[in-house]
Amino acid sequence: MRKLTVLGSTGSIGTQTLEVARKNPEDFTVVALSCNSDIDLLFEQIKEFAPKVCAVSNESAAEKLRERLKSENINSTEVLAGYEANAQIATIPECDTVVGAMVGIAGLLPTYEAIKAGKDIALANKETLVTGGEVIMPLVKEKGVELLPVDSEHCAIWQCLKGEKHSDLDRILLTASGGPFRGKAREDLTDVTVDMALSHPTWKMGGKITIDSATMMNKGLEVIEASHLFSVPVDKIDIVVHPQSIIHSMIRLKDGSVLAQMGNPSMILPIMVALYYPERGPELIEDFDPFAKGANNLTFEPCDTNVFGLVKLAYDLGRAGGLMPTVMNAANEIAVGAFLKGKIRFLDIEKTVFEVCDKTLDANGEVTIESILETDKNARDMAKDYIKGIEL
């Protein structure tokens, strides 16, 4: 039985992880949960799963949760609060597997501490490897733990690579739905609204990742993540736009063979692949029908980096390595948040990221957890300052 800490339990991946645990109580027990501030949903999760401890990043929200649990006479779950709380619940002795479902660089420190503590990781937080891959992957090897990708694309690649020699890998073909603006010209994106950008054609996800899909930054981040996960340079990773989202990614081997993993668009399956490894779990999703609408007409297109400039930037900074991916990620997180709040326009997201990266000249130092977090803070401050000068 796996004993789970779910970081970001109230988000999309977190709630689906708990759905897997709910339907398979003989295989999983939930020992810790966390959220940023959604204590209403976290309260319901605590009532159902009775974790030993939970973490709430927002301290005032944590106090409200404590009062609510006390009023309901629920005394078995301790409530921790603040920035360090996620790292605390990721390292408790009762846990053997941490599901990293937090959004953004906030997932880096708890994942790092969990690996140090010998926990296996089911990772959905791509920013952990985008910013800290040079630290995280050597630590995984040192500690002898499993780091299993939950992103559908990286889970697909991982499955395709099983049983293959790394030396036989020629290219990774990373699929992308293309988001809501596939096929649009640059000028078509001038008046994009928040609602338009959140209307993803295939996947139902949280706000930040959905906007990243609209700008295609999500795919740029995934290129860097795949580079670290599978020990390949970014120039051996191609983005393939596949709007049906049936093939979740492919690999090409040196003899020309192409292996693909396919199925219905669902995050339940990659969650289960990670949580049940090295076994296969029970069937929880609808059978794939190759004759269903969409599945019998698969198409593939190149990614237009002239329209989606953040993809090209991600490749450039993936080649550069070091702390520059951290700068890019930090600026993007701030810009996406500002767009969701109506403070900037859609194309201002890209402008903000480019501006901060262009002005960052001191991000070539040693990559450590401390330098990543310092670089992240500095880049966020620069992004905020730049956004203040943007006129709507």
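A brief look at the structure comes next. Computed from a predicted model, the values in this text were never measured in an experiment.

**Notes on the overall build of the chain**
A count of helices and strands for the chain gives 15 helices and 12 strands. In terms of overall dimensions, the chain is globule-like: its C-alpha atoms have a radius of gyration of 20 Å, near the 21 Å expected for 392 residues. Overall, the chain is about 55 × 50 × 40 Å in size when its C-alpha atoms are taken along their principal axes. Evaluated residue by residue, the chain yields a buried proportion of 56% over its 392 residues.

**Side note on the sheet that holds strand β8 (residues 169-176)**
Strand order in this open sheet of five strands is β11-β10-β8-β9-β12, and the pairing throughout is mixed. Taken across any chain shown, the strands that pair with only one partner, and hence form the sheet edges, are β11 (258-262) and β12 (301-302). Sheet topology places β8 next to strand β10 (residues 247-253); four bridges connect them, and they run antiparallel. Bridge pairing in β10 links Leu173 to Met250. This element, helix α7 (residues 152-161), spans β8, β10 and β11 of the sheet and lies at about 40° to β10.

**Topic: the sheet that holds strand β7 (residues 147-149)**
Strands sit in the order β4-β3-β2-β1-β5-β6-β7 across an open sheet of seven strands; the sheet is parallel. A strand with exactly one partner marks an edge of an open sheet, and here the two such strands are β4 (78-81) and β7. On average, adjacent strands in this sheet sit at an angle of 20° to one another, irrespective of strand direction. Looking at chain direction, strand β6 (residues 120-123) and β7 are connected through three bridges and run parallel.

**Considering the pattern of salt bridges**
As enumerated under the stated definition, the model contains 29 salt bridges in all. Ionic pairing is found between Asp168 and Lys254, a salt bridge with its closest N-O pair at 3.3 Å. Note that Asp168 is positioned in the loop between α7 and β8 and Lys254 in the loop between β10 and β11, a separation of 86 residues in sequence. Residue classification places Lys254 among the exposed residues on the basis of a relative accessible area of 63%.

**What to know about the side chain of Gln261**
Checked against the element boundaries, Gln261 lands in strand β11. Ignoring anything within four residues of it in the chain, the contact list for Gln261 reads Ala156, Gln159, Cys160, Ile246, Ile247, His248, Ser249 and Leu269.

**Observations regarding the side chain of Thr326**
Relative to the helices and strands, Thr326 is located in helix α13 (residues 324-340). Contacts of Thr326, omitting those with residues within four sequence positions, involve Ile105, Thr131, Ile372, Thr375 and Asp376.

Cut-offs and rules
- Residues numbered from 1 in each chain as written.
- Predicted model: local features only at pLDDT ≥ 70, side-chain atom pairs only at ≥ 80, totals over all residues.
- Heavy atoms only, no water.
- Helix = DSSP H or I, 4+ residues; strand = E, 2+ residues; numbered from the N terminus.
- Rg over C-alpha atoms; globule rule 2.2 N^0.38 Å.
- Buried < 20%, exposed > 50% of the residue type's maximum accessible area, 1.4 Å probe, protein only.
- Pairing = 2+ DSSP bridges.
- Contact = heavy atoms within 4.5 Å.
- Axes fitted to C-alpha atoms, helices over the stretch in contact; angles between N-to-C directions.
- Salt bridge = Lys/Arg side-chain N within 4 Å of Asp/Glu carboxyl O.

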